[in-house]
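# Structural description and commentary
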Amino acid sequence: MSSELLVDVGDDSATAQLGQLKLTTIEDQQWPADESYLSKSDVSQQFDASSPHLPWDHPFYDIARHQIIEVAGDDNFGRKVIVFNACRMPPQHQLDHHKLLMYLKGTLDQYVESDYTLIYFHHGLTSENKPSLSWVRDAYREFDRKYKKNIKALYIVHPTMFIKTLLILFKPIISFKFGRKINYVSYLSELEDVVKCDQLVIPSRVREYDNKLRASLKPTTQPPMSPPHSPPLPSQVFGVPLTLLRQRDPDGDPVPVVMRDTVGFLSEQGLEIEGIFRRSANVTLVKEVQLRYNSGATVNLREMEDVHLAAVILKTFLRELPEPLLTYQLYNDIVNFASVSSEIQVTVMKTLVESLPEENYASLRYLITFLAQVSANSEVNKMTNSNLAVVFGPNLLWGRDNAMSLSAIGPINNFTRTLLDQQHLVFA
């Protein structure tokens, strides 16, 4: 991966050259059926509570239905991942690019106070669907320091001469700090260093293109394939069902050891740390701690004295559960929770959480009780219930395809915030 931006190019000449650049071949401009845009009637008929699509009368309906922008949990550093899929952009005349920008900002607004990562899948941007150069320029200027401060990396997957020239053109207005965060990713396997590709809903067109790139290379220059899934270790902790973890626990504790260790440490040393759960951690240390847990070794977080490492380990454990803590069964109820009358929300929420399997209920109660302690110190740590909900909502519940659009995240985060607000009643 490379983050090098080369030479300055004058605006007029570069704009003329950029407009003449060939973006893709003819076959790349085909729109497979599974990626094609739908009419309003088609989408409204298919819409249900578990769908990432918004109702047809929502102001961002025409943007959300294409699934151009998605959120895919945390990366290997504990940072939220926002994905932009160029191949899902319809032809220019069928997309309101101003609304697209507002929708992107609305998604980022959920996370700009925390460290986050952007992944841009460039394949599929054609002369038919590319936005104007002025829109790209205005979009960059629209994202002020609030958005640029905590973005830790922008990964451009399958870059072409077009995108590289575009970045050269905009070098005069791209800050040096932001320029260093831009990385070119030639093959999907390279993303494994950043994020588990299984948690990304990578469009089929992008996967097929990646396979074509690999096939065109000589055997001696083939990039490494994504590592195969290894069978779980006998003492595996991460990525293991809660029921199995309880069976393995000597005391049969329904709350997993990782949660007990991290919450215990953070309760002692993290309650007054500003921005707790918003910062990333050293990925090497994260993997080292995971390996130690998975090998059955005792982990003493107090020896490491790194609050942010413990926070990332807790979020990573939740995100790597085979099924979210709030379970797929409750997904529709939680996404629809906003429609429940405020007078009965606590009763409904109590009924929902009490329907969880025993291990899930105990772990959720343990976590929420701790997060209430964090929120009680929000004057110091700046982590209110709303802020905690933004961090933990996507780690407590996600759809079966892992990635979520803004329309799904909002209801999940609102449910999490209400759960934090009313935890003394819900778990009474």
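Owing to the predicted nature of the structure, the values given are computational and were not obtained by experimental measurement.

Glancing now at the confidence of the model for the protein chain. Of the residues in the protein chain, 82% have a pLDDT of 70 or more, and the chain-wide mean is 82. Predicted confidence for residues 2–53 stays below pLDDT 50, and this span has 97 contacts to residues more than four positions away or in other chains.

Nonpolar side chains tend toward joint burial in soluble globular proteins. In terms of nonpolar packing, the biggest core is built from 63 residues, with Leu266, Phe277, Phe317 and Phe392 touching the most fellow members. Looking at which element gives the most residues to this core, the answer is helix 14 (residues 307–319), with nine residues. Beyond its immediate sequence surroundings of up to four residues, Phe392 is in contact with Phe277, Leu314, Lys315, Leu318, Leu367 and Leu371. Counting 41 residues, the second largest nonpolar core, distinct from the first, contains Phe143, Ile163, Phe170 and Val390.

Before going further, it helps to spend a moment on the side chain of Lys181. Position of Lys181 relative to the elements: it lies in the loop between helix 8 (176–179) and strand 5 (182–185). Look at Lys181: it is buried, it has no salt bridge, and the nearest opposite charge is Asp115 at 8.4 Å. A distance of 3.0 Å separates the side chain of Lys181 from the backbone oxygen of Lys148, its partner in a polar contact. Lys181 has contacts with Lys148, Lys149, Ile151, Lys152, Ala153 and Leu154, leaving out every residue within four places of it along the chain.

Taking 1.5 Å of rise per residue, 12 residues should cover 16 Å, and helix 9 (residues 204–215) covers 16 Å from first to last C-alpha, within 8% of that figure. For helix 9, every residue scored as buried is listed here: Arg205, Val206, Tyr209, Asp210 and Arg214. In this fold, the buried residues of helix 9 make contact with strand 3 (116–121).

Turning to the sheet that holds strand 1 (residues 69–74), a few remarks are in order. Within a beta sheet, neighbouring strands are joined by backbone hydrogen bonds and run either parallel or antiparallel to one another. Pairing is mixed in the open sheet, where five strands are placed in the order 1-2-3-4-5. With one partner strand each, in any of the chains shown, strand 1 and strand 5 form the two edges of the open sheet. Taking the axes of each pair of neighbouring strands and ignoring which way they run, one obtains an average angle of 20° across the sheet. In the sheet, strand 1 pairs with strand 2 (residues 80–85) via four bridges, with the strands oriented antiparallel. Looking across to strand 2, one finds that Ile69 is bridged to Phe84.

Time to look at the pairing of strand 1. The buried fraction of strand 1 amounts to six of the six residues, a majority that puts the element mostly inside the structure. Following strand 1, the chain reverses through five residues before pairing antiparallel with strand 2; Gly78 in that reversal takes a positive phi of roughly 85°.

Here we come to the packing of helix 14 against helix 19 (residues 385–396). Packing of helix 14 against helix 19 brings their axes to within 8 Å, and their N-to-C directions diverge by 35°. Every residue of helix 19 that contacts helix 14 at Leu314, Lys315, Leu318 and Arg319 is listed here: Val391, Phe392, Pro394, Asn395 and Leu396. Partitioned by chemical class, the residues of the contact of helix 14 with helix 19 number six nonpolar, one polar and two charged.

With respect to the helices and strands, the residue Thr418 is situated in helix 20 (residues 406–421). A polar contact is formed between the side chain of Thr418 and the backbone oxygen of Asn414, at a distance of 2.9 Å.

About the thresholds
Residues numbered from 1 in each chain as written. Predicted model: local features only at pLDDT ≥ 70, side-chain atom pairs only at ≥ 80, totals over all residues. Heavy atoms only, no water. pLDDT = per-residue confidence, 0-100. Contact = heavy atoms within 4.5 Å. Core = buried A, V, L, I, M, F, W, Y, C linked by side-chain atoms within 4.5 Å. Buried < 20%, exposed > 50% of the residue type's maximum accessible area, 1.4 Å probe, protein only. Helix = DSSP H or I, 4+ residues; strand = E, 2+ residues; numbered from the N terminus. Lys, Arg positive; Asp, Glu negative; His and termini not counted. Salt bridge = Lys/Arg side-chain N within 4 Å of Asp/Glu carboxyl O. Polar contact = N/O pair within 3.5 Å; in protein donor to acceptor, adjacent residues only side chain to side chain. Expected span 1.5 Å × (residues − 1). Pairing = 2+ DSSP bridges. Axes fitted to C-alpha atoms, helices over the stretch in contact; angles between N-to-C directions. Nonpolar A, V, L, I, M, F, W, Y, C, P; charged D, E, K, R; others polar.

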